[in-house]
Structures are given as C-alpha cells and as structure tokens.
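Structural features, examined
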Amino acid sequence: MRKFTEIIICVSAVLVAGCARQRQGDAAEALRTVRTDTVRAWGATPASVFPGKIRAAADVSLAFRIAGPVLKIVAEEGRFVRKGQTLAELDARDYRLQLDATEAEYKRIKAEADRVIELHGKGSVTPNDYDKAVYGLKQITAKLDAHRNALNDTQLKAPFDGYIQKRFFNGGETVGAGTPVLSMIDAGSPEVEINIPASEFIRRERFKAFNCTVEVFPDKVYTLDLLGITQKANMNQLYTVRLKFQKADAPLPSPGMMTMVNILYTTEETALVQIPYSALFEKDGRSAVWVYNADSETVTARIVKPSELLTEGVIVISEGLREGEVIVSAGVHVLKEGERVRLLPPVSSTNTGKLL
C-alpha cells in the first residue's frame, strides 16, 4: 500500500511539472511578436536633394509711364538688346505740343519773377509780391520738368542687357499708362529657385554649401551661392530659396530648364528624428509611439510631436524621442501599456520577416 502511494505521488509530481511547463510554453506562445525600428536622426545625412528651376536674374514686363498710341515697336521677340536701347515709341505729337506751350509759359513767368526778385533786392516791392514771384517760378519749373519727362517717356528703353521674350502690342494700338508692352529677361547669370519644407527651413543655419546638376549637362556640377530664403511659407507650406551660380562657367543652363539642387549641411547634432509613419497611433487625442524596453521586454506608450510627413512614408519628430531608441513600427493598434512582446527576428534566408 505504501509503495502504491509513493507511485501516485511521483505520477502527480510529474503531471504538475508537465502542466507548469505547458503553462510556461503557452505564456511564451502568447507573447505578441512585433516589428521594431531604431529612431534615427533627421538630417544626419550630409545632403538633401530638391528639384528646382533655372530662372532669369530679372524677368520684367515693360510699360510706358504715360498713355498714347504706339508709333512703333522696334524690338522683336528673341532679340538681344542693350541697356538704354529704345525698344518702342509712342506718338509724341500731343506731348511735344504740351511741352512747347509750357516752355513759353515758363519763359514769361521767369522773366517776371526775375524782375520782381531784382526789385526786392532794392527794396522796391513788398515781401508778399516777392513770395508770389518765387513760388510762381517754382511751380512753372516743376510743370516744365513734368512735361519734359512726359515727352521723354514716349520712348521705352531697355533697363538692362537682355532678351525680348514677348511683345503684347503692335504699332497703331493705343495703350494705357502702366500697361505691359514688352517682356524681357536679364542676359546675366541666371538663378536657381527651389522650394523647401518647414523641416529644412528650421535648420537653415546648418546650410553649408549648394550645388546643382542639369540633365542637358550631365557631366557638370555647378556650385551655387545662397541669395535668400523667404521667411513666409507659400500656399503649399513651402519656403522659396533663391541661389545664384558661383562661377560663370560656360555653358550655363538657360532659364526654364529643370535642375536638381543638393544642399550640404554642417555636421552639428540635431534634435529632429525620423521614424516610419506606421509607428504612430493616437493616444488621448495626441500622437504617440510604443517604445521598447529591452530589459523588461515590454512596450511603453510615449507622446511625440510630429513635424512633417515625408513622401517616402517617413515622419519627422521634433519632440518625444531620441536617436537610437527602439520603437514598434507595425501592429501598434493592438498593443497595451506594459505588454511583454517578442521582437520579430531579422530577415534571413529562412525568415521572410512576416509577423508570427
């Protein structure tokens, strides 16, 4: 009987140990397998690339300051013109008559004013008459200058060396003051214009150097200098950067060509980090991620501040994470605070990387 009892006890112990091992196995099997990613510094790479466009240093519409019928337009589209060269003329008949009348009036008033001023020096006229003569002379002089300017303005001259792009009127048509008649571009070194997002704008102090390539000149890299960055974003929340060619190395690209601009950075540390967009989830109305703790093999939710979503499925984080931390990047909506997880093994020849 005693021996039978001992056998029962041994069997029970074996069964208990087996159940314990089974529970441990079940617990291990219950651990959720998650894919993780390491938080990386945003902008840690030495350069960023942005598409840009070659633009003329100046692209202007030219107009007469006065109104009148167009006598002739000398400049033709595509023609090179020099600074100061006459491009178009208005019929100056009425402005010449106006100036002739004003010149005659000026001579009369000036002769009278000179006489009064001379007599005032001798004490023969009152101060009131003297003031009237002086002010009258100033008034007619200003009127004469205005009419001379109007006659000069019947000729439209080139403000710089450049090329005529388009003509909007022909001879015989009447134009109003300020109405564009011609458009032209500067013949000098062209400029490059790109648009950068806010994540680049806030670290503009780290911009070190710029260069660009153009498809039609595949073997040439052009060095650029920064001209300026707009301080207000446009409708697309982008900031415009203007650059100029550092050297007049021929051949230079022409306005209208597309280019790729490289921005090189200094090697300072940055507080911005980047993570996969799939790592984000919402917690109490705010953006959060699951941070993995290797010691306890658990995950903890942490509130973060997104800065910008990039086109390649990466999001820039400005607050809440540090470079090198490990976060869950898939299956974030099924996890719980403090839950133990198992990391997805790295991809190998026998592991395709699927979640178990």
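Scoring rules and cut-offs
- Residues numbered from 1 in each chain as written.
- Predicted model: local features only at pLDDT ≥ 70, side-chain atom pairs only at ≥ 80, totals over all residues.
- Heavy atoms only, no water.
- Helix = DSSP H or I, 4+ residues; strand = E, 2+ residues; numbered from the N terminus.
- Buried < 20%, exposed > 50% of the residue type's maximum accessible area, 1.4 Å probe, protein only.
- Areas by Shrake-Rupley, 256 points an atom, 1.4 Å probe, with all protein chains shown as cover.
- Pairing = 2+ DSSP bridges.
- Expected span 1.5 Å × (residues − 1).
- Contact = heavy atoms within 4.5 Å.
- Salt bridge = Lys/Arg side-chain N within 4 Å of Asp/Glu carboxyl O.
- Axes fitted to C-alpha atoms, helices over the stretch in contact; angles between N-to-C directions.
- Parallel < 35°, antiparallel > 145°, perpendicular 65-115°, else oblique.
- Left-handed = near helix turned anticlockwise from the far one by under 90°.
- Nonpolar A, V, L, I, M, F, W, Y, C, P; charged D, E, K, R; others polar.
- Phe/Tyr/Trp six-rings, centres within 6.5 Å; stacked < 30°, edge-to-face > 60°.

Focus: the overall build of the chain
When helices and strands are tallied, the chain shows 4 helices and 25 strands. The burial tally for the chain puts 35% of its 356 residues in the buried class. If you sum the accessible surface of the chain, you get close to 21,800 Å²; carbon and sulfur atoms cover 53% of it.

A closer look at the sheet that holds strand β10 (residues 162-167)
Two modes of strand pairing occur in sheets, parallel and antiparallel, and in both the strands are linked by backbone hydrogen bonds. Pairing within the open sheet is antiparallel, and its 4 strands lie in the order β5-β12-β10-β7. Edge positions in the sheet fall to β5 (59-63) and β7 (80-81), since each has one partner strand and no second. As defined by bridge partners, β7 adjoins β10 across 2 bridges and the pair is classed as antiparallel. Across the sheet, residue Val81 finds its bridge partner in β10, namely Gly162.

Considerations on helix α2 (residues 93-121)
With 29 residues, α2 extends 42 Å from end C-alpha to end C-alpha; this agrees with the ideal 42 Å at 1.5 Å per step. Tyr95, Leu99, Thr102, Tyr106, Ile109, Ala113 and Val116 are the residues of α2 that are buried. Residues of α2 that are buried sit in contact with α3 (127-152). Two residues or fewer after α2 comes Gly123, characterised by a positive phi angle close to 80 degrees.

Overview of the pattern of salt bridges
Between side chains of opposite charge, pairing is possible as soon as their charged atoms come close. On inspection of all chains with the given rule, the structure shows 15 salt bridges. When the shortest N-O distance is used, the salt bridge between Lys72 and Glu89 registers 3.9 Å. Separated by 17 residues along the polypeptide, Lys72 in strand β6 (residues 68-73) and Glu89 in strand β8 (residues 86-90) bring together distant segments of the chain. By relative accessible area, which is 41% here, Lys72 ends up partly exposed.

Notes on the pairing of strand β13 (residues 191-196)
Bridging between strand β4 (residues 47-55) and β13 involves 4 bridges; their strand directions are antiparallel. Within β13, the residue paired with Lys53 across the bridge is Glu193. When β13 meets strand β16 (residues 239-245), the two strands line up antiparallel, connected through 6 bridges. By the bridge assignment for β16, Ile194 is matched with Val241.

Let's talk about the packing of α2 against α3
At a minimum axis distance of 8 Å, the contact between α2 and α3 shows a crossing angle of 160 degrees. The orientation of α2 relative to α3 falls into the category roughly antiparallel. In terms of crossing hand, the pair formed by α2 and α3 is left-handed. Tallied by class, residues from the contact of α2 with α3 come to 15 nonpolar, 6 polar and 7 charged.

Focus: the packing of aromatic side chains
Considering all chains together, one arrives at 6 aromatic pairs under this definition. Summarising the aromatic geometry, the rings of Phe207 and Phe210 are spaced 5.8 Å apart at their centres and angled 85 degrees between planes, so their arrangement reads as edge-to-face. Both residues of the pair, Phe207 and Phe210, belong to the buried class. For the pair Phe207 and Tyr265, a centre-to-centre distance of 5.8 Å together with 55 degrees between the ring planes defines the contact as tilted.

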